[in-house]
Amino acid sequence: MAGAIEQKAVAAPAVTLVAGYLSAVLISAVPWLHDHLTADQQQNLPIVIAFILSGVAAYVVPHTHRPDLAPVVAPPPPRVLPSRPVPPPAPPAPPPPPDEEEHA
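Residues numbered from 1 in each chain as written. Predicted model: local features only at pLDDT ≥ 70, side-chain atom pairs only at ≥ 80, totals over all residues. Heavy atoms only, no water.

Novice: So what's going on with the overall build of the chain? Residues and values would help.
Specialist: Counting its regular elements, the chain contains 4 helices and 0 strands. Start at the N end of the chain and walk to the C end: the helices and strands fall as α-α-α-α. For a compact globule of 104 residues, the expected C-alpha radius of gyration is about 13 Å, and the chain comes in at 39 Å, more than 25% above that figure. Based on the C-alpha atoms only, the size of the chain along its principal axes is roughly 125 × 40 × 25 Å. Residue burial in the chain is summarised as follows: out of 104 residues, 12% are buried. Total accessible area computed for the chain in this model is approximately 9500 Å², and 69% of it derives from carbon and sulfur atoms. Computing the positive centroid from 4 side-chain charges and the negative centroid from 8, the chain places the two 24 Å apart. (Helix = DSSP H or I, 4+ residues; strand = E, 2+ residues; numbered from the N terminus. Rg over C-alpha atoms; globule rule 2.2 N^0.38 Å. Buried < 20%, exposed > 50% of the residue type's maximum accessible area, 1.4 Å probe, protein only. Areas by Shrake-Rupley, 256 points an atom, 1.4 Å probe, with all protein chains shown as cover. Lys, Arg positive; Asp, Glu negative; His and termini not counted. Charge placed at Lys NZ, Arg CZ, Asp CG, Glu CD.)

In C-alpha cells:
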C-alpha cells in the first residue's frame, strides 16, 4: 500500500542533510568563523549543529497516523459477580461412643 510518508521519519534526516551542508558552507563563507575556529572545530561544528537541529525537528514534527491500522480500543472492564456470604464450615462430628462390650 503506497501512502503518505510519515513526517517524523523524513524530518530528522532531511534536517541533518541540509543543516550539515549549510553549516559547512557558513564556516567557509564567514571569515570570522574560518579565522577563529581550529581545524577540528571547523570539521566537528557542522556535525554538532546538524545533530542538534535534527533532534529538534524530530521532536517538533507531528506524528502521522496510519489509516490502515484499526484504532486501539480498551478492553471492557472485568465482570465482577456479587459476592455471596460463605457459610462457616460444619463442626466436626463427635467421636462415636465407646463399645461397652470391649470394657467388660
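Novice: How would you summarise a nonpolar patch on the surface if you had to cite specific residues and measurements?
Specialist: Among the surface-exposed residues, V48, F51, I52, V56, Y59 and V60 lie close enough to one another that they form a single nonpolar patch of about 700 Å² accessible area. With respect to the element layout, F51 can be found in helix 3 (residues 39–60). (Patch = residues over 30% accessible without salt bridge, like charges linked within 9 Å, V, L, I, M, F, W, Y side chains within 5 Å. Salt bridge = Lys/Arg side-chain N within 4 Å of Asp/Glu carboxyl O.)

Novice: Talk me through the side chain of S23; I want residue IDs and the actual numbers.
Specialist: Secondary-structure assignment places S23 in helix 1 (residues 7–29). Within polar-contact distance, the side chain of S23 engages the backbone oxygen of A19 at 2.8 Å. Dropping the residues within four chain positions of it, S23 is found in contact with P46 and I49. (Polar contact = N/O pair within 3.5 Å; in protein donor to acceptor, adjacent residues only side chain to side chain. Contact = heavy atoms within 4.5 Å.)

Novice: Explain the packing of helix 1 against helix 3 residue by residue, including any values.
Specialist: Viewed as axis vectors pointing N to C, helix 1 and helix 3 meet at an angle of 150°, and their least axial separation amounts to 8 Å. Of the possible angle classes, the one that applies to helix 1 and helix 3 is roughly antiparallel. Classified by chirality, the crossing of helix 3 by helix 1 is right-handed. Judged by residue contacts, K8, A11, A12, V15, T16, A19, G20, S23, A24 and I27 of helix 1 engage Q42, L45, P46, I49, A50, L53, S54, A57, A58 and Y59 from helix 3. Of the residues that constitute the contact of helix 1 with helix 3, the class distribution is 14 nonpolar, 5 polar and 1 charged. (Axes fitted to C-alpha atoms, helices over the stretch in contact; angles between N-to-C directions. Parallel < 35°, antiparallel > 145°, perpendicular 65-115°, else oblique. Left-handed = near helix turned anticlockwise from the far one by under 90°. Nonpolar A, V, L, I, M, F, W, Y, C, P; charged D, E, K, R; others polar.)

Novice: Break down helix 3 for me, with residues and values.
Specialist: Spanning 22 residues, helix 3 covers 33 Å between terminal C-alpha atoms, matching the ideal 32 Å at 1.5 Å per step. The largest bend along helix 3 reaches roughly 30° and is located at L45, with the proline P46 sitting one to four residues downstream. (Expected span 1.5 Å × (residues − 1). Bend = angle between axes of the 7 residues up to and from the residue.)

Novice: Run through the confidence of the model for the chain, naming residues and quoting values.
Specialist: This prediction gives the chain a mean pLDDT of 84; 91% of its residues lie at or above 70. Here helix 4 (residues 100–103) stands out as the element of the chain with the lowest mean pLDDT, 62, in contrast to helix 3, whose mean of 91 is the highest. (pLDDT = per-residue confidence, 0-100.)

Novice: Can you tell me about the environment of D99, naming the residues and giving the values?
Specialist: Relative to the assigned elements, D99 resides in the loop between helix 3 and helix 4. Taking the C-alpha atoms as reference points, D99 and D68, 31 residues apart in sequence, are found 84 Å from one another.

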